Amino acid sequence: MIALAGEHLSYRQNFMDLDPTYTDKFGDPLLRFTLDWTDHEYRQSEYAREIGLKIASAMGAAQAEPLGGRAPYNVVGYQSTHIQGGTIMGASPESSVVNRYQQHWDVQNLWVLGASCMPQNASHNPTLTILATTTWAADALIERYLKHPGGLA
């Protein structure tokens, strides 16, 4: 089997918000996730599919069937995803939720770690990037914030 993974860039039309209809058992709104593929992802997939078929043919594959198509995003059939974003890390509180150390701009003793701070997913398995940014944040917390509490950026 030949498997290929591509990137999914952030777009304004892909977002998370509080659902106006559905609530949890406490009556609080659930998180609603709005996402779909764009022409960029479809073209990227089609290009990768053609490369995969060429590789399979060169390897003498007995069967090579392209998968995919232009179906809308569906979380049910796409279980190996790494959706991220929602608390974007950035250079200013006007355009992001946390600073470069993953410290919340407005609540300085709140640190948000993980893939939610990354607006892009350049490929599969963002684990090493998450570990690197978490180590960076932990170092800032221990070496800077605990010695002098306050905003670090």
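Scroll up for the structure.
Quick caveat, the model's predicted, so the values are computed rather than measured. (Residues numbered from 1 in each chain as written. Predicted model: local features only at pLDDT ≥ 70, side-chain atom pairs only at ≥ 80, totals over all residues. Heavy atoms only, no water.)

Enquirer: So what exactly am I meant to see when it comes to the packing of aromatic side chains here?
Expert: Each aromatic ring pair is specified by the distance between its two centres and by the angle formed by the two planes. For the coordinates displayed, the defined rule picks out three aromatic pairs. Taking 5.1 Å as the distance between ring centres and 70° as the angle between the ring planes, the aromatic pair formed by W37 and Y73 counts as edge-to-face. In this pair, W37 is assigned in the loop between β2 (29–34) and α1 (39–58) and Y73 in the loop between α1 and α2 (127–145), connecting sequence segments 36 residues apart. Residue W37 is classed as partly exposed on the basis of its relative accessible area of 23%. Aromatic side chains W111 and Y145 sit 5.7 Å apart centroid to centroid with 75° between the ring planes, which places their arrangement in the edge-to-face category. Placement of the pair is W111 in the loop between α1 and α2 and Y145 in helix α2, with a sequence separation of 34 residues. (Phe/Tyr/Trp six-rings, centres within 6.5 Å; stacked < 30°, edge-to-face > 60°. Helix = DSSP H or I, 4+ residues; strand = E, 2+ residues; numbered from the N terminus. Buried < 20%, exposed > 50% of the residue type's maximum accessible area, 1.4 Å probe, protein only.)

Enquirer: Before we go on, may I ask you to explain α1 in this structure?
Expert: Helical geometry note: an α-helix holds 3.6 residues per turn, so side chains three or four residues apart project in the same direction. Taking 1.5 Å per residue as the helical rise, α1 with its 20 residues ought to reach 28 Å, and the 29 Å between its terminal C-alpha atoms agrees with that figure. Residues of α1 that are buried include every one of E41, Y42, R49, G52 and A56, and no others. Each buried residue of α1 sits inside an arc of 95° when the element is viewed along its axis, so together they form one side. Across α1 from its buried face, at more than 90 degrees, point the exposed residues Y47, K54, S57 and A58. Downstream of α1 by a residue or two, G60 has a phi angle that is positive, lying close to 80°. (Expected span 1.5 Å × (residues − 1). Arc of directions from axis to C-beta.)

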